[in-house]
Amino acid sequence: MTVPEAECAVRAWRDRLDPSALAGVPAHITVLFPFLDESRLGRETCAAVGEVIGRHRSFEARFEHCGRFPGILYLTPEPDASFRRLTEAIADRWPETPPFGGQLDDVVPHLTIAQGQDDAVLEEAEADLRGRLPVTARISSVELMVHDGSRWQQRASFALG
């Protein structure tokens, strides 16, 4: 789900510290990665994705704090229950695509700012972001992004109910 309301606060850091930003991915919260191969994303699959997403209502999220995984800085959405429900719904519909390849027991909704960085860089970014938060966003759609070999592009957008 793209979070355009966060772009002003995070863009400079993401452009510098998050390779996905340079590859065309806007500020976002991932619903499910990896998903189906692009060859399987025909009209019927997109209709099924839209049906699953459409069962969920749009919602607001507030980004007030940063969080960390090793080498990664992110914004935490509050509340995160709606994000979790969307991930569970898509993963339940396509069980062959578990979140993050099934490597994680608990998928933590987050908006990545930096990845592959040392603690000093993460601390600098986090200190700056504290002055740019909070950000409140209206989440009303889920975007399907595909990779063309070098960049990510939006393939479709599905409205929340």
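Reading guide: rules and limits
- Residues numbered from 1 in each chain as written.
- Predicted model: local features only at pLDDT ≥ 70, side-chain atom pairs only at ≥ 80, totals over all residues.
- Heavy atoms only, no water.
- Helix = DSSP H or I, 4+ residues; strand = E, 2+ residues; numbered from the N terminus.
- Rg over C-alpha atoms; globule rule 2.2 N^0.38 Å.
- Pairing = 2+ DSSP bridges.
- Axes fitted to C-alpha atoms, helices over the stretch in contact; angles between N-to-C directions.
- Contact = heavy atoms within 4.5 Å.
- Buried < 20%, exposed > 50% of the residue type's maximum accessible area, 1.4 Å probe, protein only.
- Phe/Tyr/Trp six-rings, centres within 6.5 Å; stacked < 30°, edge-to-face > 60°.
- Lys NZ or Arg CZ within 6 Å of the ring centre and 35° of its normal.
- Core = buried A, V, L, I, M, F, W, Y, C linked by side-chain atoms within 4.5 Å.
- Salt bridge = Lys/Arg side-chain N within 4 Å of Asp/Glu carboxyl O.

Notes on the overall build of the chain
Okay, so step 1: When you go through the chain residue by residue, the secondary structure sums to five helices and six strands.
Okay, so step 2: Walking the chain from its N terminus toward its C terminus, one meets helices and strands in the order α-α-α-β-β-α-β-α-β-β-β.
Okay, so step 3: Its C-alpha atoms give the chain a radius of gyration of 15 Å, near enough to 15 Å, the size a compact globule of 161 residues would have.
Okay, so step 4: Seen through its C-alpha atoms, the chain measures out along the principal axes to roughly 45 × 35 × 30 Å.

Observations regarding the sheet that holds strand 1 (residues 59–69)
Okay, so step 1: Strand order in the open sheet formed by four strands is 3-2-1-4, with antiparallel pairing between adjacent strands. Taken across any chain shown, the strands that pair with only one partner, and hence form the sheet edges, are strand 3 (111–115) and strand 4 (135–139). Across the sheet, the axes of successive neighbouring strands diverge by a mean angle of 30°, strand direction being ignored.
Okay, so step 2: The pairing of strand 1 with strand 4 spans five bridges and is antiparallel. Across the sheet, residue F63 finds its bridge partner in strand 4, namely V135.
Okay, so step 3: Contacts between helix 4 (residues 81–93) and the sheet are confined to strand 1, strand 2 (72–78) and strand 4, with strand 1 contributing the most and set at about 85° to the helix.
Okay, so step 4: Relative to strand 1, helix 5 (residues 119–130) is tilted by about 150°, and along the sheet it contacts strand 1, strand 2 and strand 3.

Side note on the environment of L36
Okay, so step 1: If you trace the backbone, L36 turns up in the loop between helix 2 (19–22) and helix 3 (43–54).
Okay, so step 2: When its relative accessible area of 9% is taken as the criterion, L36 is described as buried.
Okay, so step 3: For L36 and L104, which are 68 residues apart along the polypeptide, the C-alpha to C-alpha distance reads 18 Å.
Okay, so step 4: With residues up to four places along the chain from it excluded, the contact list for L36 reads L41, T45, W94, E96 and T97.

Re the packing of aromatic side chains
Okay, so step 1: For the structure on display, the rule yields four aromatic pairs.
Okay, so step 2: Here the aromatic rings of F33 and W152 are separated by 6.2 Å at their centres, their planes lie at 65°, and the arrangement is edge-to-face. Here the residue F33 occupies a position in the loop between helix 2 and helix 3, and W152 occupies one in strand 6 (residues 152–159), the gap between them amounting to 119 residues.
Okay, so step 3: Accessibility expressed as a relative area gives 24% for W152, which makes it partly exposed.
Okay, so step 4: In this structure, R93 is placed above the aromatic ring of W94, and the distance from its NZ or CZ to the ring centre is 4.5 Å.

Some remarks on the nonpolar core
Generally speaking, soluble globular proteins have nonpolar side chains that are buried together.
Okay, so step 1: One finds V10, F35, F63, I90 and L111 to be the most contacted residues of the largest nonpolar core, which totals 48 residues.
Okay, so step 2: Excluding its chain neighbours within four sequence positions, the residues that come into contact with I90 are V31, L32, F35, V49, V52 and I53.

What to know about the pattern of salt bridges
Okay, so step 1: Inspection of every chain in the model, using the stated rule, returns 13 salt bridges.
Okay, so step 2: Across the salt bridge formed by R132 and D128, the nearest N and O atoms sit 2.7 Å from each other.
Okay, so step 3: In this structure R132 comes out as partly exposed when scored by relative accessible area, which is 40%.
Okay, so step 4: Residue D128 is classed as partly exposed on the basis of its relative accessible area of 28%.
Okay, so step 5: One network of salt bridges, in which partners are shared, links R68, D119, E126 and R130.

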